[in-house]
Amino acid sequence: MIDYIKKAYKLMESCRLCPRKCGVDRLKGQTGFCKAGKLPMVSSFHAHFGEEPPISGRNGSGTIFFTHCSLRCVFCQNNPISQLGQGKETSAEELAVMMLRLQTEGCHNINFVTPTHYIPQMLEAIFIARDKGLKVPLVYNCGGYESVEALEILDGIIDIYMPDMKYSDNTSAKKYSNAPDYFEVNKIAAKEMYRQVGGLKMYRGIANKGILIRHLVLPEDLAGSQKIFEFIANELSPDTYVNIMAQYYPCHSANKFPEIDRRITAREYIEAIKLAEKAGLKNGFRQVMSTIKRKRIPEWTDNLKIS
Ligand code: SF4
């Protein structure tokens, strides 16, 4: 086995693939906080047209949705997959076949969704797929709660990072995602990703390298949007692409928390956009206001300015 893949698997022996550092031996089938075992589990794979325009393009993004998650958000929209284990065990060879099939369908990239706890298996599959002709860019689409030790192994392999920056307020991070150190961990991870790939680069409107950050606006500004935007503008670059998402709705167990048991208002969303502009951010995507009220595939505009 190639050295960097071996190194990644080594992190599973006493698991520290993510900052939780559970220390369980995943290679022997033990499970930790995320409940992921030795083999990767996939819930679905298909061309996805609802990602940001440079990611989905005309032909779709080749998404591979992994089962389980190292966060446990009370408002997770994919709870059956992330927390209840919906999906099917697969091998690295089968994962490689999925990637090649998505490329054959014309997808602009391979988009690994929630891959943190399966980094070694993902790397092994990428190696197999590349040997068989995989050429499209690889997207690491994650919750942003990442270990730098694991991210370093991805240097030179992952082309596009799409991390969330969910909270600057660790009280919220603890309460809603069981991650009391989220902001510190998230900032260090974002810096490492930026170091590896820089800002988003595109050719004919389709991304081929760089970082695109997602921020979900929460009711009552419980995410702490301002500090996140300031960090991005000041410590990464004001040119960083940020998708400011309006699509929050209370699902899974969010109804146990009255303060987040509602959608955000148009006013809260506009306020977040203004904060991004005030922080100096110049590039990104905002969702059209109608998506706040109605649950549907988002529409995008690539201008952070309020119209
Ligand atoms: S990947 Fe899973 S088992 Fe490993 S440290 Fe993170 S939560 Fe724990």
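Preceding this paragraph is the structure being described.
What counts as what
- Every chain's residues receive numbers from 1 upward, in the order its sequence appears when written.
- Local features in a predicted model are, by the rule used here, given only for residues with pLDDT of at least 70; side-chain atom pairs are given and counted only at 80 or more, and totals for whole chains, interfaces and linings are based on all residues.
- Side-chain figures throughout are based on the complete set of non-hydrogen atoms in the structure, without hydrogens or water.
- Any residue with at least one heavy atom within 4 Å of a molecule or strand is counted as near it.
- Site definitions follow a grid-based scheme: protein atoms alone, a 1 Å grid, a 1.4 Å probe that fits but cannot get out for cavities, and for pockets an open set with protein on both sides within 12 Å along at least five of seven lines, plus lining residues having an atom within 4 Å of a point.
- A molecule is counted as occupying a cavity or pocket when more than half of its atoms fall within 2 Å of that pocket's grid points.
- Polar here means any residue other than Ala, Val, Leu, Ile, Met, Phe, Trp, Tyr, Cys and Pro, which are nonpolar, and Asp, Glu, Lys and Arg, which are charged; Gly is therefore polar.
- Any Lys or Arg side-chain nitrogen located within 4 Å of an Asp or Glu carboxyl oxygen qualifies as a salt bridge.
- The numbering of helices and of strands both runs from the N terminus, where a helix is a DSSP run of H or I of at least 4 residues and a strand a run of E of at least 2.
- For Phe, Tyr and Trp, rings pair up if their centres lie within 6.5 Å, where Trp contributes its six-membered ring, and each pair is then called stacked (planes under 30 degrees apart), edge-to-face (over 60) or tilted (otherwise).
- A 1.4 Å probe rolled over the protein chains alone gives each residue an accessible area, and that area as a share of the maximum for its type sets the label: buried under 20%, exposed over 50%, partly exposed in between.
- Whether a charge sits over a ring comes down to the Lys NZ or Arg CZ being within 6 Å of the ring centre and within 35 degrees of the ring normal.
- Grid points are joined across faces, edges and corners, and a volume is the space filled by probe spheres set on the points.

A. Fine view of the site of the ligand. The local shell around the ligand consists of C15, L17, C18, K21, C22, R26, G32, F33, C34 and H117. The cavity that encloses the ligand is the largest cavity. Broken down by class, the residue content of the shell around the ligand amounts to 6 nonpolar, 2 polar and 2 charged.

B. Broad picture of the pattern of salt bridges. Counted by the stated rule, this structure contains 13 salt bridges. With its nearest N and O atoms 3.0 Å apart, the salt bridge here joins D164 to K166. Each of E51, E52 and R214 takes part in salt bridges that share partners, so that together they form one network.

C. Here's a closer look at unusual backbone geometry. Here H68, not a glycine, exhibits a phi torsion of approximately 75°, which is positive. Position of H68 relative to the elements: it lies in the loop between β2 (61-66) and α3 (79-82). Unlike most non-glycine residues, E220 shows phi in positive territory, near 60°.

D. Layout of the packing of aromatic side chains. Taken as a whole and assessed by the stated rule, the structure comprises 8 aromatic pairs. Summarising the aromatic geometry, the rings of F75 and Y248 are spaced 5.5 Å apart at their centres and angled 75° between planes, so their arrangement reads as edge-to-face. Here F75, found in the loop between β2 and α3, pairs with Y248, found in the loop between β9 (241-245) and α10 (266-279); they are 173 residues apart in sequence, far enough to count as distant. Residue F75 shares its accessibility class with Y248, and that shared class is buried. Grouped by ring-pair contacts, the aromatic residues F66, F112 and Y118 constitute a single cluster. Between the NZ or CZ atom of R20 and the centre of the ring of F33, over which it lies, the distance is 3.7 Å. In this structure, R72 packs its charged tip against the face of F33, placed 3.8 Å from the ring centre.

E. Quick look at empty space enclosed by the protein. In this structure the tally under the stated criterion is 3 cavities of 30 Å³ or more. One number sums up the size of the largest cavity: a volume of about 90 Å³. Each residue belonging to the lining of the largest cavity can be placed in one class, and the counts come to 7 nonpolar, 3 polar and 3 charged. For the second largest cavity, the full set of lining residues is F33, C34, K35, H68, C69, L71, R72, S82 and Q83. Looking at the lining of the second largest cavity residue by residue, the classes come out as 4 nonpolar, 3 polar and 2 charged.

Remember that the coordinates give geometry; whether it matters functionally is a separate question.
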